[in-house]
Structures are given as structure tokens and as C-alpha cells.
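Descriptive structure summary
Here are the chains, one letter per residue:
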Amino acid sequence: MSTPLSLNRQSFGDPADAGNVLTREDADALLHDWVKNDRLRLHMQQVGALMGAWARERENLGPEDQWRWEMAGLLHDADWDQWPADHCRRIIEELERRHVDPEIIRAIASHGPAHFGVEPQTKMDKMLYAFDELSGLVHAYSLMRPGGYDGMELKGVLKRLKEKTFAAGVNRDDITDACARAGITQNELIEFIIAHQRG
Ligand SMILES: [Fe+2]
């Protein structure tokens, strides 16, 4: 199926660039240069932090891999603010130009399979897809709670998830699909986000 945002390609980056990352300073500079919208920047930082935490705690990966995961999360929506019609294509081309690890670029390219036409394959791909929508819904919920994230419970998030009008832009079908692909339950994912995500 072809959509307006279809990337129409399945191969990303150069295998010779495997292991290459941006420094945290360079990644932050790119984030701030490209994304002027504070809410979007916060979303990307939140997804980046969740990816890094998951790599450390659930995949038992070392600091270098934790940063690869975090970088994918941190930059996944970098072009959405200024170039929505070109979403994903721009950041992919930028990271290719900077000789970034193909696995990081591929994770970004597959964070919305229904839009970009790229299936998540690795665990990093799948977790980025899984965290993306649900992180946003949990954050929206925190904003309507007097205590924010403090005392937030699974059942409150589940209730909001069932209300179709709450954070209506969050695609519930994508969340179900992403959890199934990642082999984790929705509840497990929500608990992890509640425990690790802060405003
Ligand atoms: Fe996102």
C-alpha cells in the first residue's frame, strides 16, 4: 500500500557506517535546530529516554547500545515540525549524510509502518514503534492530573485508552499492533512508561 509518506525503499544507510553514532551534543543540536515546537521536542526526548532505559533494563545492553537506542528515539520525529509532508524522509537522508549506523536509521524509518511502508524488524525498531504513541497518551494523561506523573496507575491509563475522545490523535490500533509485534503486553508497556517517563 502506498501512502503520501511512503518511503518507497527498504534499505537505509551504508553497512560500512555500522556502529557510527552522533555525539549527544550533536544529536541535541540537531533536535534544537530542526524542532522549534516545545511539545514535540519533549515528546522526542521522552521517547529517547524510554528507549535508552529499555535497552539498559530489559535488553541488558551496554552504554554504547543504550545510546544507539536513545538516539533513534530522540530523533525519530526530527523533520515533523518543519516538513510534515516530507516526514521521515528528511531525517533519514540527514543521518545518511552524516554516516550514522544503518540500524538507527532503519528504526526511525519503521516507526510508522502504515505510513512509511517499512516493517519494524529488530527489537529496537519494534520498541520505537511501541513507545511512540503510548508515550504521548501517558503524557497527555499526566497533564490532566494534579500530581502529573506522581501516583499515576495502570488502571487510569487504561481508562483513558478506552476513551476514544481522549488524546484522539493517538492511534489505538497502532498501539495494539506494536505490542503484538514486540511480543509484550500493553499493560507491561504502560507500567514501564509510568515508571520511567517524567515531564
Ligand atoms: Fe513520535
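See above for the structure.
Rules behind the numbers
Residues numbered from 1 in each chain as written. Predicted model: local features only at pLDDT ≥ 70, side-chain atom pairs only at ≥ 80, totals over all residues. Heavy atoms only, no water. Helix = DSSP H or I, 4+ residues; strand = E, 2+ residues; numbered from the N terminus. Rg over C-alpha atoms; globule rule 2.2 N^0.38 Å. Buried < 20%, exposed > 50% of the residue type's maximum accessible area, 1.4 Å probe, protein only. Contact = heavy atoms within 4.5 Å. Areas by Shrake-Rupley, 256 points an atom, 1.4 Å probe, with all protein chains shown as cover. Lys, Arg positive; Asp, Glu negative; His and termini not counted. Charge placed at Lys NZ, Arg CZ, Asp CG, Glu CD. Donors = N, O, S within 2.8 Å, 3.2 Å for Na, K, Ca; no water. Axes fitted to C-alpha atoms, helices over the stretch in contact; angles between N-to-C directions. Parallel < 35°, antiparallel > 145°, perpendicular 65-115°, else oblique. Left-handed = near helix turned anticlockwise from the far one by under 90°. Nonpolar A, V, L, I, M, F, W, Y, C, P; charged D, E, K, R; others polar. Salt bridge = Lys/Arg side-chain N within 4 Å of Asp/Glu carboxyl O. Core = buried A, V, L, I, M, F, W, Y, C linked by side-chain atoms within 4.5 Å. Phe/Tyr/Trp six-rings, centres within 6.5 Å; stacked < 30°, edge-to-face > 60°.

Right, let's talk about the overall build of the protein chain for a bit. Each helix and strand counted, the protein chain has 10 helices and zero strands in total. Overall, the protein chain shows an N-to-C arrangement of helices and strands of α-α-α-α-α-α-α-α-α-α. Its C-alpha atoms give the protein chain a radius of gyration of 16 Å, within 12% of the compact-globule value 16 Å for 199 residues. For the protein chain, with 199 residues in total, the buried portion stands at 51%. A separation of at least 24 residues holds for 69% of the contacts in the protein chain among residues at least 6 apart in sequence. In the form shown here, the protein chain has an accessible surface area of approximately 9,500 Å², with 50% of it arising from carbon and sulfur atoms. With 24 positive and 33 negative side-chain charges, the protein chain shows a spacing of 6 Å between the two charge centroids.

Moving on, we come to the coordination of the iron ion. Four donors placed tetrahedrally about a metal ideally form angles of 109.5 degrees, and six donors placed octahedrally ideally form angles of 90 or 180 degrees. Binding of the iron ion to the protein goes through His-43 (NE2), His-76 (NE2), Asp-77 (OD) and Asp-132 (OD), at separations of 2.1 to 2.3 Å. All donor residues of the iron ion come from one chain, and their arrangement in sequence is H-x32-H-D-x54-D. One end of the pair, His-76, is in the loop between helix H3 (63-75) and helix H4 (89-97); the other, Asp-132, is in helix H7 (residues 123-144), and 56 residues separate them in sequence. Each member of the pair His-76 and Asp-132 is classed as buried.

Interhelical geometry of H3 versus helix H5 (residues 102-109) gives an angle of 40 degrees and a closest axis separation of 9 Å. Taken together, the axis directions place H3 and H5 in an arrangement best described as oblique. With respect to the hand of their crossing, H3 and H5 are arranged in right-handed fashion. Along its contact with H3, which presents Arg-68, Met-71, Ala-72 and Leu-75, the element H5 presents Glu-103, Ile-104, Ala-107 and Ile-108. Grouping the constituent residues of the contact of H3 with H5 by class yields six nonpolar, no polar and two charged.

We now examine the pattern of salt bridges. Per the stated rule, a full pass over the model turns up 18 salt bridges. A salt bridge links Lys-123 to Glu-59, with the nearest nitrogen and oxygen atoms 3.1 Å apart. One end of the pair, Lys-123, is in helix H7; the other, Glu-59, is in the loop between helix H2 (38-57) and H3, and 64 residues separate them in sequence. When the shortest N-O distance is used, the salt bridge between Glu-94 and Arg-98 registers 2.8 Å.

It is worth spelling out helix H10 (residues 186-196) at this point. Among the residues making up H10, those that are buried are Leu-189, Ile-190, Phe-192, Ile-193 and Ile-194. Against the buried residues of H10 lie H2, H7, helix H8 (154-162) and helix H9 (172-182).

Note on soluble globular proteins: their nonpolar side chains tend to be buried together. Core analysis: the largest hydrophobic core is formed by 63 residues, its most contacted members being Leu-75, Leu-95, Met-127, Phe-131 and Leu-189. When residues of this core are assigned to their parent elements, the largest contribution, 10 residues, is made by H7. Apart from residues no more than four positions distant in its own chain, Leu-189 is found in contact with Met-127, Ala-130, Phe-131, Leu-134, Cys-179 and Ile-184.

Under the defined criterion, the tally for this structure stands at four aromatic pairs. Between Trp-34 and Trp-83, the aromatic rings sit 5.0 Å apart at their centres with planes inclined by 75 degrees, giving edge-to-face as the arrangement. Here Trp-83 lies in the loop between H3 and H4 and Trp-34 lies in helix H1 (residues 24-34), a separation of 49 residues in the sequence. On the accessibility criterion, Trp-34 (13% relative accessible area) is buried. When the centroid spacing of 5.9 Å and the interplanar angle of 75 degrees are considered together, the rings of Trp-54 and Phe-131 count as edge-to-face.

Moving on, we get to the side chain of Gln-66. If you trace the backbone, Gln-66 turns up in helix H3. Relative accessible area serves as the criterion here: at 17%, Gln-66 is assigned to the buried category. Discounting residues that sit within four places of it in the chain, Gln-66 has contacts with Gly-52, Ala-55, Arg-56 and Leu-61.

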